[in-house]
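Letter by letter, the chains look like this.
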Amino acid sequence: MSFRVTPMLRAAARRPVQPVLRTPVLKRRFASGGPDVPPPPPPRSSNVPIFLGVLGVAAAGTAYYFYGTPGSAKDTGKELDSKIRGAVATVEGKVGLRRGKDEYQKVYDKIAETLDAEGYDDGSLAPVFIRLAWHASGTYNKEDGTGGSNYATMRFPAEASHGANNGLNIARDHMEKIKKEFPWISYGDLWTLGGVCAVQEAGGPTIPWRPGRIDGFETNVTPDGRLPDASQAQDHLRFIFYRMGFNDQEIVALSGAHAMGRCHTDRSGFDGPWTFSPVTFSNQYFDLLLNEPWQWKKWKGPAQYEDKKTHTLMMLPTDMALIKDKSFKKYVEKYAKSEEAFFEDFSKAFGTLLELGVPTSQFAGEPWNMGSN
Ligand code: HEM
């Protein structure tokens, strides 16, 4: 049995302390609102390195004992390693060893730079980045605390191959390039920050966000079937989103992300965009859903709706459920009337979604407003 230095130990050795100087951020058309949260306090005492050292030794011991042993002992080792990583993330956040907002802002800026993609879909990667962030988080089950964005388990074929995740390799591959430049960021933090950046840079609301997610193992992958099935209706939407802890209003607000992007026959089987401006974050989805006449599309693909006038837009059966159900419909009406109300509610619900499954202890403080000033 050979001794292995875990990535955690290597990362702990490399990790710099909080940077003191603030570098200017790129000027973008999106301006973040709200005050900056003060940086976390500096390391409090010399006990910190000792504590991290103890955790490190514990991790090394775990790795030494479990890796190389077959079957379930190995899995137990990984679970334990996940727990230790979580504990390290907690300590790191609490004592101010995590990188500061400026460092994460650099990652945000890099993602923002890569959003424009001529020749890809409607010219932007923003929609598929939003979908990646959502699918990485939406596996959460509030009953047992499994799933969510903490472990970035879509890195593993066992989850990447879930039908609902078809096509998200495109977003993950782009994110991999960013990760190469900023290897210290966890995948969960990177993917969720990608979603935040995509919404904001497309003209959407500020999404509260903070780092603290850790990279887990394949043993953290949740079973297929946790994400919604677009061919179903309101009962299914409630079953899926209530499991995550959301209510009717939040289900409708989150669905407004379909203002962005389109369906692809080679990914979901469905086809077309929901709105006339699929790279702009707006309340157009609700307006069209409510006010356009829709009909079943006559084609060989899965049952979906098309707009009667231009036959260029689409709605999924689950989108249409939002106006068939009285409780949902009142929020569709509200958001169709007021983009401001939609932005406010979307910001809260999406911010919550991106933190599902992450123990609060892993966060260092209140969420930040990322973006350019
Ligand atoms: C309410 C249940 C939902 C269902 C059934 C659903 C289903 C789908 C389907 C079938 C696609 C097309 C995938 C493709 O063919 O490329 C899609 C795309 C998309 N979804 Fe959803 N979705 C839901 C909720 C959400 C939520 C909560 C968000 C984000 C907050 C979201 C954001 C997106 C975005 C941005 C796209 C476009 C991706 C692209 O253009 O590549 N969806 N969704």
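Here is what the cut-offs are and how they apply
- Residues numbered from 1 in each chain as written.
- Predicted model: local features only at pLDDT ≥ 70, side-chain atom pairs only at ≥ 80, totals over all residues.
- Helix = DSSP H or I, 4+ residues; strand = E, 2+ residues; numbered from the N terminus.
- Buried ≥ 20, exposed ≤ 12 C-beta atoms within 10 Å, placed from the backbone.
- Contact = placed C-beta atoms within 7 Å.
- Near = placed C-beta within 6 Å.
- Expected span 1.5 Å × (residues − 1).
- Core = buried A, V, L, I, M, F, W, Y, C linked by C-beta atoms within 7 Å.
- Axes fitted to C-alpha atoms, helices over the stretch in contact; angles between N-to-C directions.
- Parallel < 35°, antiparallel > 145°, perpendicular 65-115°, else oblique.
- Left-handed = near helix turned anticlockwise from the far one by under 90°.
- Nonpolar A, V, L, I, M, F, W, Y, C, P; charged D, E, K, R; others polar.

Engineer: Teacher, can you tell me more about the overall build of the protein chain here?
Structural biologist: When helices and strands are counted, the protein chain shows 14 helices and seven strands. Going through the 373 residues of the protein chain one by one, you find that 43% of them count as buried. In the protein chain, of all internal contacts separated by at least 6 residues, the share reaching a separation of at least 24 is 76%.

Engineer: Explain the site of the ligand here, please?
Structural biologist: Every one of the 24 residues lining the ligand counts as a neighbour, but Pro127, Ala257, Gly261, Arg267 and Ser268 are closest to it. With five residues, helix α5 (residues 126–137) is the largest single contributor of residues to the shell around the ligand.

Engineer: Can you walk me through helix α14 (residues 339–353) in this structure?
Structural biologist: An α-helical turn contains 3.6 residues, so a residue and the one three or four places further along point in the same direction. Under the 1.5 Å per step criterion, the end-to-end length of α14 is 20 Å for 15 residues, consistent within 8% with the ideal 21 Å. Regarding α14, the residues found buried are Glu339, Phe342, Phe343, Asp345, Phe346, Ser347, Ala349, Phe350 and Leu353.

Engineer: Please explain the environment of Thr275 as it appears in this structure.
Structural biologist: Examined against the element boundaries, Thr275 turns out to sit in the loop between β3 (272–273) and α11 (284–291). Sequence separation between Thr275 and Asp287 is twelve residues; the distance between their C-alpha atoms is 9.5 Å. The residues touching Thr275, leaving out its near neighbours within four places in the chain, are Ala259, Gln284, Tyr285, Leu288 and Leu313.

Engineer: Got a minute to help me understand the nonpolar core in this structure?
Structural biologist: In summary, soluble globular proteins display a tendency toward joint burial of nonpolar side chains. Phe129, Ile130, Leu193 and Val332 are the most contacted members of the largest nonpolar core, which has 79 residues in total. Excluding residues that lie within four positions of it along the chain, Ile130 makes contacts with Gly195, Ala198, Val199, Ala257 and Met260.

Engineer: How do you make sense of α11 when you look at a structure like this?
Structural biologist: Every buried residue of α11 is listed here: Gln284, Tyr285, Phe286, Leu288 and Leu289. Where the residues of α11 are buried, they touch β6 (314–315), α12 (317–324), α13 (326–337) and α14.

Engineer: Mind showing me how you'd approach the packing of helix α10 (residues 248–255) against α13 here?
Structural biologist: Relative placement of two packed helices is described by the angle separating their axes and the distance separating the axes. The geometry of α10 relative to α13 is characterised by a closest axis approach of 9 Å and an angle of 50 degrees between their N-to-C directions. When the axis of α10 is compared with that of α13, the two are oblique. Our pair here, α10 against α13, has a crossing hand that is right-handed. Here Asp248, Gln249, Ile251, Val252 and Ala253 of α10 lie close against α13, whose contacting residues are Ser327, Phe328, Tyr331, Val332 and Tyr335. Split by residue class, the contact of α10 with α13 holds seven nonpolar, two polar and one charged.

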